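Each chain, written out:
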Amino acid sequence: MTPAFSPPHVSRTLRPHDPGLAERLERELVIPAAMARVLAARGVDSTAEARAWLEPGPDALHDPFGMGGMPEAVALLAGTARRGGRVVVFGDYDCDGIGALAILTTTLKRLGADAIPFVPHRLRDGYGLRPGTLQKVLDEHSPEGVVTVDCGITAVDPVRTAVARGVYVVVTDHHIPPEELPKGAVLLNPRIPGCPYPFKELAGAGIAWKLSEALLRTDGARVGIGEGAVRSWMASLAKVAALSTIADMVPLTGENRILTAWGLAGLAEPRSPGLTALLARCSVRPGRSPSVHDVAFRIAPRLNASGRIDHAFRALELLTTADPARAEALADEIEAANTERRRMQERVVAAALDRLARTFDATRDALVVEAGRPEEGWHRGVLGIAASKVAHEVSRPVLLLAHDDGRVGGSGRTWGRTPLYDRLAPVARRHAADFGGHRAAVGLSVAADSYEAFREDAMAAFAGARDDDEWSVAWEADAELATAEVTPALVEALAGLEPHGMGNPRPLFLLRALSWDGRGRPVGERGLRVAFEGDGARVEAVGWSLGAIPGPQRRGRWDVLANVVHDPFLGRPGLTVLDVVRAEAA
C-alpha cells in the first residue's frame, strides 16, 4: 500500500486574452469562439500565425545549415561516405539515443559510409563518451571519425584523445553545455552560447534528423536520392524522430511539434518491419496514427526497456532491421524485457516509499536523496523512472542512487518547476565524478565514501533555495467556456492544436458554477462519470478523482476545470475533469 504524503498546494489561474483579437480570429479563420479564445490566450496575435500553428508542416522547419557547426560536420561525414570510410556513430541507451542512432546510421550507410553504431552498456560502460568506451571504439573499429548522438558535449578528455590519434569527432548533443567544451571537435548543439540556430529545444534525435537532412541535401543525389526524394527520406526518418522527441519530454513546440506531427502521421503506415511489430505489441491498430499518450506510455517504455535492464542494441536492431521474422523475434524479446523492467521498477518505488514513510518530513525536506544496493533490487537501469514515480508521490525532486563497486550512481527527476540541474550543479561540481542532464532530469555518480557528504550538501542546497510555490499543482485555464459550447465543432477545431505535450498542453477550460446533483457512476479506482448542468445545458463528464469527494459533499455548484474531448463511450463530446472547486456564492 502506498504511504500517504501531504497533498500538494493547488493554484488556479485563468490566462488573459484580448477579446478583440479572439473575435477577429473567430471571424477570419471561421472557427468556434472558444477555439479563438484559446489561440489568443496562448499568444497567437495574427491570422497568419494561427494558420501556421494549426497546420504544422515540414515547410516551416528551419534550414539545418543555420545550426553552428553544421557545414563542417557535413563536410567531414560526407567526405568519409564518398570514400566508403568507416565512422562510428556513438549513442545513448535511452529512446532518444537509440532513435538518433537509427536515424544517423541509416543515413550514413545509404550515402556509402561504413557506419558502425555503438551503444554503450548502461552498467558496464556508463553514460556518454568516456575514456574507456572511446578506447574500445578506437581499438575494435579503427574509424576515420566518431560522431556522437544524444551525448558527448561533456566529453572533453575523450575528444582530446581521439583527435590526438588522428580521428575526427563530431558531437551532436542537446544537453546543457558545460563551461568547458570539447576542443578539436565539431559541435552541433543549439544550446551552445552564440549558436544562431533559432530553435533550442530539439531532442538528440531531432539534431540527428537535422544532420541527416543536411547530408542528404548535400550528397544524396550522388546515391540516387534527388531533391524530391530527400523529402520522402526525411518523412520516413521523422517517424523515429517523433518517438524519441516524445520520449525525451522536450517541449512539443516549434520544430519539435512539426517533427512529431509529421512522424506520428507517418506511423499510420510504418512500413518498417520493426516499427510494425512494435506498434502491434502496443495495440496500435494498422492504419491508425499513435497518439502522444501511446508513445509516452506504451511505445517508449518498450524501446527503453532493453537498455534499462540489459543492452539497448536490441531496440536499435528493431528500428533498423529489414527482416520481418527478425523484427517479430526482437519485439517479443523487448516485450519480455519491458515486463521485467516494470517489476524491477515497482520494487524500487515500493522500497523508497516505505523508507520515506518513516523519514520524510515535508516541512524540512526540499529534496529527496535515497540510495540502495543491487542485492536489494536497486538496479541502476530503472532508477530514473522510479525517481519520477516517487517524486509524484512526495511532490519533491528526487534522486535515487545505487551502490555499486565503490561508487554510488543513479538518476534524478524534478517535481513542479524546480530547476533540478541548475540547483544541483554546484553541489555536483564539488562531489560528483559524473554529472549531466537538463532542467528536469539528471544523471550522476559519486565515490561511495563521498556519498553522505554529497547527500547532506545537496539537501542543504535545496533547503536553502526552498520555494514551496515550485511544487504547487498549477492549473492554468486557457479560457472560460459555457456548457452550450461543448460541441462536435469545438472538438474538431481543438484537434488542430495537437500533438500535445510539454509546452503545448491540451487546452484547459474553466466552466463556472455548474450544478451537480451529487450522483455519479464509478469509473476506475476513484473516478466518476457524472452530469453537470449550466445555463440550461447539460454536459456529461468523467473525473478520475471525483470519487475522492465524500458523497454528502458532492451536491451543489462547482467551478470545473476540464478538457473538451470526444467521449468514445457516449459517442459525443464531453468533459474530462481535472479539478473542481466550490463555486463562490453569487
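My aim in this report is to walk through the structure given alongside it, one point at a time. These numbers were taken from a predicted model, which means no experiment stands behind them. Here, residues in each chain are numbered from 1, in the same order as that chain's written sequence. Per-residue local features are limited, in this predicted model, to residues with pLDDT of at least 70; the limit for side-chain atom pairs, both in listing and counting, is 80 or more; totals at the level of whole chains, interfaces and linings are taken over all residues. To obtain the side-chain values, all non-hydrogen atoms of the structure were included, while hydrogens and water were left out.

**Here's the deal with the sheet that holds strand β11 (residues 441-447)**
Applied cut-off: Here the rule is simple: two strands pair whenever DSSP picks up at least two bridges between them. What counts as a helix is a DSSP run of H or I of at least four residues, what counts as a strand is a run of E of at least two, and both are numbered from the N terminus. Geometry is summarised by axes, namely lines fitted to C-alpha atoms with helices restricted to the contacting stretch, and by angles between N-to-C directions that run from 0 to 180 degrees. A contact between two residues is defined here by any heavy atoms of the two lying within 4.5 Å.
With respect to topology, five strands assemble into an open sheet ordered β7-β8-β9-β11-β10, the strand pairing being mixed. Looking along the sheet, the strands with just one partner apiece sit at the ends: β7 (368-372) and β10 (432-438). Here the average twist between neighbouring strands, direction ignored, is 15°. With seven bridges connecting them, strand β9 (residues 407-413) and β11 associate as antiparallel partners. Paired with Gly410 across the bridge in β11 is Leu444. Across the face of the sheet, helix α16 (residues 420-431) comes into contact with β8 (398-404), β9, β10 and β11 while running at roughly 165° to β10.

**Focus on the packing of helix α14 (residues 324-359) against helix α15 (residues 383-394)**
Worth spelling out the cut-off: Throughout this description, any angle smaller than 35 degrees is read as roughly parallel, any larger than 145 degrees as roughly antiparallel, any in the 65 to 115 degree range as roughly perpendicular, and the remainder as oblique. We call a crossing left-handed when the near helix sits turned anticlockwise from the far one by less than a right angle, and right-handed when that turn is clockwise. Throughout this entry, Asp, Glu, Lys and Arg are counted as charged residues, while Ala, Val, Leu, Ile, Met, Phe, Trp, Tyr, Cys and Pro are counted as nonpolar. The remaining residues, Gly among them, count as polar.
Here α14 crosses α15 at 40°, and the two axes come no closer than 9 Å. Between α14 and α15, the interaxial angle falls into the category oblique. Considering how the two elements wind past one another, α14 and α15 form a crossing that is right-handed. Along its contact with α14, which presents Arg341, Gln345, Val348, Val349, Ala352, Leu353 and Leu356, the element α15 presents Leu383, Ile385, Ala386, Lys389, Val390, Glu393 and Val394. When the residues that make up the contact of α14 with α15 are grouped by side-chain class, the tally is 10 nonpolar, one polar and three charged.

**Description of the packing of aromatic side chains**
The line we're drawing: Planes of paired rings set the category: under 30 degrees apart is stacked, over 60 is edge-to-face and the rest tilted, where pairs are Phe, Tyr or Trp rings (Trp by its six-membered ring) whose centres lie within 6.5 Å. Here's how the labels work: a residue is buried when its accessible area is under 20% of the maximum for its type, exposed when over 50%, partly exposed in between, all with a 1.4 Å probe on protein chains only. Counting as a charge over the ring demands two things of the Lys NZ or Arg CZ atom: a distance within 6 Å of the ring centre and an angle within 35 degrees of the ring normal.
Enumeration over the complete set of coordinates arrives at five aromatic pairs. When the ring of Phe90 is compared with that of Phe118, the centres are 5.2 Å apart and the planes differ by 15°; the resulting orientation is stacked. With a gap of 28 residues between them, Phe90 in strand β2 (residues 86-90) and Phe118 in strand β3 (residues 114-118) connect regions that are remote in the sequence. We note that Phe90, like Phe118, is buried. Above the plane of the ring of Trp53 lies Arg257, whose end atom (NZ or CZ) is 4.1 Å from the centre. Above the ring of Phe462, the side-chain terminus of Arg423 is found at 5.8 Å from the ring centroid.

**A few points about the sheet that holds β3**
With parallel pairing, the five strands of this open sheet are ordered in space as β3-β2-β4-β5-β6. Edge positions in the sheet fall to β3 and β6 (186-188), since each of these pairs with one other strand and no more. Across the sheet, the mean angle from the axis of one strand to that of its neighbour is 15°, orientation sign disregarded. With three bridges joining them, strand β5 (residues 168-172) and β6 adopt parallel strand pairing. Bridged to Thr172 within β6 is Leu188.

**Looking at the pattern of salt bridges**
Side chains that differ in charge, positive against negative, can pair when their charged atoms come close. Keep this limit in mind: Every case where a carboxyl oxygen of Asp or Glu lies within 4 Å of a side-chain nitrogen of Lys or Arg is listed as a salt bridge.
Applying the stated criterion across every chain, the model contains 42 salt bridges. The salt bridge partner of Arg86 is Asp114, with a shortest N-O separation of 2.8 Å. Placement of the pair is Arg86 in strand β2 and Asp114 in strand β3, with a sequence separation of 28 residues. By relative accessible area, which is 31% here, Arg86 ends up partly exposed. Among the ionic pairs, Glu370 bridges to Arg355, the shortest N-O distance being 2.9 Å. A residue pair is termed long-range when its members are at least 10 positions apart, and Glu370 in strand β7 and Arg355 in helix α14 qualify at 15 residues. Look at Glu370 and you get buried, because its relative accessible area is 7%. Its relative accessible area of 23% is what places Arg355 among the partly exposed residues. One network of salt bridges, in which partners are shared, links Asp63, Lys210, Glu213, Arg217 and Glu255.

**Topic: the layout of surface pockets**
Convention followed: Think of a 1 Å grid over just the protein atoms. A cavity is a set of points where a 1.4 Å probe fits yet cannot get out, a pocket is an open set with protein on both sides within 12 Å along at least five of seven lines, and lining residues have an atom within 4 Å of a point. Grid points are joined across faces, edges and corners, and a volume is the space filled by probe spheres set on the points.
Taken as a whole, the second largest pocket spans an internal volume of roughly 480 Å³. If you list the elements that add at least two residues to the lining of the second largest pocket, you get α5 (95-110), α9 (227-247), α11 (273-281) and α13 (313-320). Ranked by the residues each element gives to the lining of the second largest pocket, the list is headed by α9, at six residues. Class assignment of the residues belonging to the lining of the second largest pocket gives a composition of 10 nonpolar, seven polar and three charged.

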